[in-house]
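Commentary on secondary and tertiary structure
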Amino acid sequence: MAESAEQALDEQAATLQQLRRDNEQVERENQLLEAFLAKAQQQRLTAQLEQQTTKKLRGARRKKETETRVDTFQRLTDDEKGDIVSQAIEALQTEIEQLRLSGDKDVDDIRTLMEEVDLRIAETKKDTYEFKRDIIIGGEDPRTGKTNAEKVIRFLEDKVHGKEVLVEKLALKNTTYRTAIQKLEAQLAHKEEMGEVLHLVDFDQLKIENQQYLERIDAKNRELLQLKLSTGRTVQVLNDVKGRMASLTAEGAQLRLAIAEKQRELDSFEEDFQKTAGQSATVAASYKKLQAQMKGAEQPQILEYIKLKAQVAELQKEAADWQRKVEVASGTASGRAGSSASGRLGSGKRPGHTSPLPTKAVLK
């Protein structure tokens, strides 16, 4: 019993889920039908559907069993559903196209406003730069350190005059545009008056021309996109080249400084070289002079020099002996002995002193 009861409950739950899914499907169909009836406004089809629904509802019977599903409404046929869906899709496409056109117009307006804002920002930056250059920096009195009022007034008057000229130009351009608009409106009115003589062929021709123009516009847009891409790549390459140029410029400045330093060192070396060359010439002249003097002087022979060295050694030995004798003597006799010794030494070599070499004539 329990198993049968659980099975019955499972079946009822499955039936309930199926009924819910069917109800959701019917609700979606009803919503689509309501939208179709509200937008399409087809009274005849609505009346027909209502009559068919009323007739079928009169002949339908409700069953009391809860296990079986009972239909209390009339379903639409597949053709009717297809017609409704097609018309709903067309209506949605029309609405989407209108929204797209409205969005394109809003985008164009926003883009125009952005361009105008960019122009105003550029003009403001330019005016700010000129004001700083001409008034804040250039208009400052170097003696008092204050800004010259006449320059400020002249600067503002020039700006106001420029704005007045711009207003006159814009007014003239506005007048020209209004005249062109009036001409176009007159032409449009004339075409509308003559529109009765137009035929279907003319409209077909206009459609063909419109399609051709749209294709040209698409081609131009693709070309513009390609140009934008190429411009982006060109700007990137230009930035890279500018970076390399800046690095090369800095390197060139360093090289110029190094060249200037090397040039100063070269000048110093050149000056030292000139001084050295002068000194070398002086030394060379002195050397030549000394060589000439040495060639003119008589030089002793080797044997004579050895004999003289031997005589000098003997004289030094005798002087040392006499010195010891003088130190041994005492009293007054030591003084006389000292004077006698000094007289004797006057004719020879004094102790501790090396006499110059005698010349060749003296030796002879």
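Residues numbered from 1 in each chain as written. Predicted model: local features only at pLDDT ≥ 70, side-chain atom pairs only at ≥ 80, totals over all residues. Heavy atoms only, no water.

Glancing now at the overall build of the protein. Check the secondary structure of the protein and you find 8 helices and 0 strands. Ordered by position from N to C terminus, the α and β elements of the protein give α-α-α-α-α-α-α-α. Taking all 364 residues of the protein together, 5% fall into the buried category. Put simply, 54% of the contacts in the protein that link residues at least 6 apart link residues at least 24 apart. A total of about 31900 Å² of accessible surface is found on the protein, and carbon and sulfur atoms cover 57% of it. (Helix = DSSP H or I, 4+ residues; strand = E, 2+ residues; numbered from the N terminus. Buried < 20%, exposed > 50% of the residue type's maximum accessible area, 1.4 Å probe, protein only. Contact = heavy atoms within 4.5 Å. Areas by Shrake-Rupley, 256 points an atom, 1.4 Å probe, with all protein chains shown as cover.)

Another point: the layout of surface pockets. Counted as a void, the second largest pocket has a volume near 160 Å³. Lining the second largest pocket are Glu 123, Lys 126, Asp 127, Lys 159, Gly 162, Lys 163 and Leu 166. A per-class count over the lining of the second largest pocket returns 1 nonpolar, 1 polar and 5 charged. (1 Å grid on protein atoms, 1.4 Å probe; cavity = no way out; pocket = protein on both sides within 12 Å on 5 of 7 lines; lining within 4 Å. Points joined across faces, edges and corners; volume = space filled by probe spheres on them. Nonpolar A, V, L, I, M, F, W, Y, C, P; charged D, E, K, R; others polar.)

On to the pattern of salt bridges, then. Taken as a whole and assessed by the stated rule, the structure comprises 10 salt bridges. The salt bridge involving Asp 104 is made with Arg 100; its shortest N-O contact spans 3.1 Å. Placement of both Asp 104 and Arg 100 in helix H3 (residues 78-137) is noted, with a separation of 4 residues, approximately one turn of the helix. For Asp 104, a relative accessible area of 33% gives the class partly exposed. The partner of Asp 134 in a salt bridge is Arg 133, with the nearest N and O atoms 3.1 Å apart. A relative accessible area of 32% places Asp 134 in the partly exposed class. By relative accessible area, which is 41% here, Arg 133 ends up partly exposed. (Salt bridge = Lys/Arg side-chain N within 4 Å of Asp/Glu carboxyl O.)

A separate point is H3. An ideal rise of 1.5 Å per residue puts 88 Å on 60 residues; H3 measures up with 84 Å between its terminal C-alpha atoms. Maximal helix bending in H3 amounts to about 30°, located at Phe 131. Listed in full, the buried residues belonging to H3 are Ile 84, Ala 88, Glu 130 and Ile 135. (Expected span 1.5 Å × (residues − 1). Bend = angle between axes of the 7 residues up to and from the residue.)

Contact geometry of H3 with helix H4 (residues 149-193) gives a least axis separation of 10 Å together with a crossing angle of 155°. Judged by the angle between their axes, H3 and H4 are roughly antiparallel. Of the two possible hands of crossing, H3 and H4 adopt the one that is right-handed. Packed against H3, whose contacting residues are Glu 123, Asp 127, Glu 130, Phe 131, Asp 134 and Ile 135, the element H4 presents Lys 151, Val 152, Phe 155, Lys 159 and Lys 163 at the interface. Classifying every residue of the contact of H3 with H4 by side-chain character gives 4 nonpolar, no polar and 7 charged. (Axes fitted to C-alpha atoms, helices over the stretch in contact; angles between N-to-C directions. Parallel < 35°, antiparallel > 145°, perpendicular 65-115°, else oblique. Left-handed = near helix turned anticlockwise from the far one by under 90°.)

Another aspect to go through is a nonpolar patch on the surface. Judged by side-chain polarity, Ile 302, Leu 303, Tyr 305 and Ile 306 come together as a nonpolar surface patch covering roughly 460 Å² of accessible area. Position of Leu 303 relative to the elements: it lies in helix H6 (residues 302-328). Judged by relative accessible area, Leu 303 falls into the exposed class, the value being 63%. (Patch = residues over 30% accessible without salt bridge, like charges linked within 9 Å, V, L, I, M, F, W, Y side chains within 5 Å.)

So, on to the confidence of the model for the protein. Confidence in the prediction of the protein, expressed as mean pLDDT, is 76, and 74% of residues score 70 or more. Of all secondary-structure elements in the protein, the lowest mean pLDDT belongs to helix H8 (residues 360-363), at 35, while H4 reaches the highest, 87. Below pLDDT 50 for its whole length, residues 60-72 participates in 10 contacts with residues either more than four positions away or in separate chains. Within the model, the stretch residues 340-364 combines pLDDT values under 50 with 22 contacts to residues more than four positions away or in other chains. (pLDDT = per-residue confidence, 0-100.)

What follows covers a negative patch on the surface. Residues Glu 3, Glu 6, Asp 10 and Glu 11 make up a contiguous surface patch of negative charge. For Asp 10, a relative accessible area of 53% puts it in the exposed group. (Lys, Arg positive; Asp, Glu negative; His and termini not counted. Charge placed at Lys NZ, Arg CZ, Asp CG, Glu CD.)

Its place among the elements puts Glu 130 in helix H3. Relative accessible area serves as the criterion here: at 17%, Glu 130 is assigned to the buried category. Once residues lying within four places of it in the same chain are set aside, the contact partners of Glu 130 are Ile 135, Phe 155 and Lys 159.

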